[in-house]
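Per-entry structural report
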Amino acid sequence: MKKEYIEVGRIIGARGLRGELKVEHWCDNPTVFFKIGNYFIDEGKEKLDIVSFREYKTIILVNIRGMTHKDYAKSLVGKTIYAKREDIEVDEDRYLIQDLIGMNVLNVDTAENYGVVQDVIKTGANDVYSIRNNKGKEYLIPVIDDVIKDISLETNHISIRPIQGLFDD
């Protein structure tokens, strides 16, 4: 079942006397985060009324309506920021990490099941899927066209054509 609220970042600190929040965004880029519009904490239970934000080095600085003191900002540090799934724009052939975790990874030619996606690692050049097989062995699958052949959210599987050495023990 797809989650209604998707994790889009985490509050990592407070800045300044008025409590500007430092946010580590988990979107492809800050622009995606800025376009969301409605933000929440506590898995959607409390709305975060953001009035302004801006990029600062590798993070985002956020101002919240009514935030007048750094102590309140400090109380939010460590909280995850969520957005409603429907508020997140996802381009065609792009996927939310949340939706990829738990998918089965199958050989496109033989239907052999290699394991289940545990995590998506952002490397800069290309993402890497961390998968674990039924014996607990971890494999790292590069997300490149030569390997990834199909991703089906409907059938909950990713079809791959492994390159030499990917599963050789």
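The structure this text deals with has already been given above.
So, how was this worked out
Residues numbered from 1 in each chain as written. Predicted model: local features only at pLDDT ≥ 70, side-chain atom pairs only at ≥ 80, totals over all residues. Heavy atoms only, no water. Helix = DSSP H or I, 4+ residues; strand = E, 2+ residues; numbered from the N terminus. Contact = heavy atoms within 4.5 Å. Lys, Arg positive; Asp, Glu negative; His and termini not counted. Charge placed at Lys NZ, Arg CZ, Asp CG, Glu CD. Core = buried A, V, L, I, M, F, W, Y, C linked by side-chain atoms within 4.5 Å. Buried < 20%, exposed > 50% of the residue type's maximum accessible area, 1.4 Å probe, protein only. Pairing = 2+ DSSP bridges. Axes fitted to C-alpha atoms, helices over the stretch in contact; angles between N-to-C directions. Salt bridge = Lys/Arg side-chain N within 4 Å of Asp/Glu carboxyl O.

A few words on the overall build of the chain. For the chain, the count of helices and strands is three helices and 13 strands. A sequence separation of at least 24 residues applies to 50% of the contacts in the chain between residues at least 6 apart. The average position of the 24 basic charges and that of the 29 acidic charges among the side chains of the chain differ by 9 Å.

Next up on the list: the nonpolar core. By size, the foremost hydrophobic cluster in this structure holds 23 residues, and its most contacted members are Val8, Leu21, Val23, Phe33 and Ile81. For this core, the secondary-structure elements that each account for two or more residues are β1 (5–15), β2 (20–25), β3 (39–41), β6 (59–64), α2 (70–76) and β7 (80–84). Ranked by the residues each element gives to this core, the list is headed by β1, at four residues. In this structure leucine 21 touches Ile11, Gly13, Ile60, Leu61, Val62, Ile64, Met67, Ala73 and Leu76, once residues within four positions along its chain are discounted.

Take the sheet that holds strand β12 (residues 148–152) next. Sheet architecture is open: six strands sit in the order β11-β10-β9-β8-β13-β12, paired in mixed fashion. Among the strands making up the open sheet, the edge pair consists of β11 (138–142) and β12. Across the sheet, the mean angle from the axis of one strand to that of its neighbour is 35°, orientation sign disregarded. Sheet topology places strand β8 (residues 104–107) next to strand β9 (residues 113–122); three bridges connect them, and they run antiparallel. Residue pairing in the sheet places asparagine 104 in a bridge with valine 116 of β9.

Attention now goes to the environment of valine 120. Structurally, the position occupied by valine 120 is in strand β9. Between the C-alpha atom of valine 120 and that of leucine 100, which follows or precedes it by 20 residues, the distance is 8.0 Å. Beyond its immediate stretch of four places on either side in the chain, valine 120 contacts Ile97, Leu100, Asp127, Val128 and Tyr129.

Now for the pairing of strand β13 (residues 157–160). Burial of the side chains of β13 extends over both faces: His157 and Ser159 are buried on one face and Ile158 and Ile160 on the other. Relative to β13, β8 is paired through four bridges, and the arrangement is parallel. Bridge assignment links asparagine 107 to a residue of β13, and that residue is isoleucine 160. Pairing of β12 with β13, which is carried by four bridges, proceeds in the antiparallel orientation. Note on β13: the bridge partner recorded for isoleucine 151 is isoleucine 158. From the end of β12 to the start of β13, which pair antiparallel, there are four residues, and asparagine 156 there has a positive phi angle of about 60°.

It is worth spelling out the pattern of salt bridges at this point. What the rule picks out here adds up to 10 salt bridges. The partner of aspartate 28 in a salt bridge is lysine 122, and the shortest N-O contact between them spans 3.3 Å. Pair noted here: aspartate 28 is in the loop between β2 and α1 (30–35) and lysine 122 is in strand β9, with a separation of 94 residues, a long-range link. Judged by its relative accessible area of 46%, aspartate 28 falls in the partly exposed class. With a shortest N-O distance of 2.8 Å, aspartate 49 and arginine 65 are connected by a salt bridge. Taken together, the residues aspartate 49 in the loop between β4 (46–48) and β5 (50–56) and arginine 65 in the loop between β6 and α2 connect sequence positions 16 residues apart. According to the relative accessible area criterion, arginine 65 is exposed, its value standing at 58%. Where salt bridges share partners, they join Asp28, Arg94, Lys122 and Asp127 into one cluster.

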